[in-house]
Amino acid sequence: APGLRFLARRRMLLPLLLFVSAHRPLAFVIGQGLCLCSPIELLLPGVAVGDWAALLSHPQGGAVLERLLEDVLVSDSSSPAGILQ
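What you see is a predicted model; the values in this text were computed from it and never measured.

### Structural notes on helix H2 (residues 13–22)
Then, in step 1: Residues Leu13, Leu17 and Val20 constitute the buried set of H2. When H2 is viewed along its axis, its buried side chains cluster within an angular range of 65° and face the same direction. In H2, those exposed residues whose orientation departs by more than 90 degrees from the buried face are Leu18 and Ala22.

As structure tokens, this is what we get:
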């Protein structure tokens with residue numbers, strides 16, 4: 001969620017949503033690749049590679065991520081602060 005708020009302030013949610021939608025068929029492969037990179041968490045504990053790997057390795061992980069981005073995009077554009085900034 002903090003990363004999504006950062007992307008919302010930078011107006012990068014829509015390009016990210018388009019990227020995720022276009023690459024949804026590769027979500028499982030990306031999730032499995034992140035599983036291979038999970039030892040990085042020992043060196044950088046704040047990265048949360050395992051969480052991303054679990055999300056993207058799930059059969060509906062790409063759709064869940066896309067739905068989350070859509071919800072944040074809609075809530076950001078409907079708030080008065082999001083429109084004025």
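The discussion continues.
### Observations regarding the nonpolar core
Then, in step 1: Ranked by size, the top nonpolar core spans ten residues in total: Leu4, Ala8, Leu13, Leu17, Val20, Ala27, Leu56, Leu65, Leu69 and Val72.
Then, in step 2: Where this core is concerned, the elements lending two or more residues are helix H1 (2–9), H2 and helix H6 (61–78).
Then, in step 3: In contact with Leu4, other than residues within four places in its own chain, are Leu13, Leu68, Leu69 and Val72.

### Side note on the side chain of Ser57
Then, in step 1: By the element assignment, Ser57 lies in helix H5 (residues 49–57).
Then, in step 2: For Ser57, a relative accessible area of 16% translates into the label buried.
Then, in step 3: A polar contact of 2.8 Å, which involves the side chain of Ser57, links it to the backbone oxygen of Ala53.
Then, in step 4: Excluding anything up to four places from it in sequence, Ser57 contacts Phe28, Gly31, Gln32 and Cys35.

What counts as what
- Residues numbered from 1 in each chain as written.
- Predicted model: local features only at pLDDT ≥ 70, side-chain atom pairs only at ≥ 80, totals over all residues.
- Heavy atoms only, no water.
- Buried < 20%, exposed > 50% of the residue type's maximum accessible area, 1.4 Å probe, protein only.
- Helix = DSSP H or I, 4+ residues; strand = E, 2+ residues; numbered from the N terminus.
- Arc of directions from axis to C-beta.
- Core = buried A, V, L, I, M, F, W, Y, C linked by side-chain atoms within 4.5 Å.
- Contact = heavy atoms within 4.5 Å.
- Polar contact = N/O pair within 3.5 Å; in protein donor to acceptor, adjacent residues only side chain to side chain.

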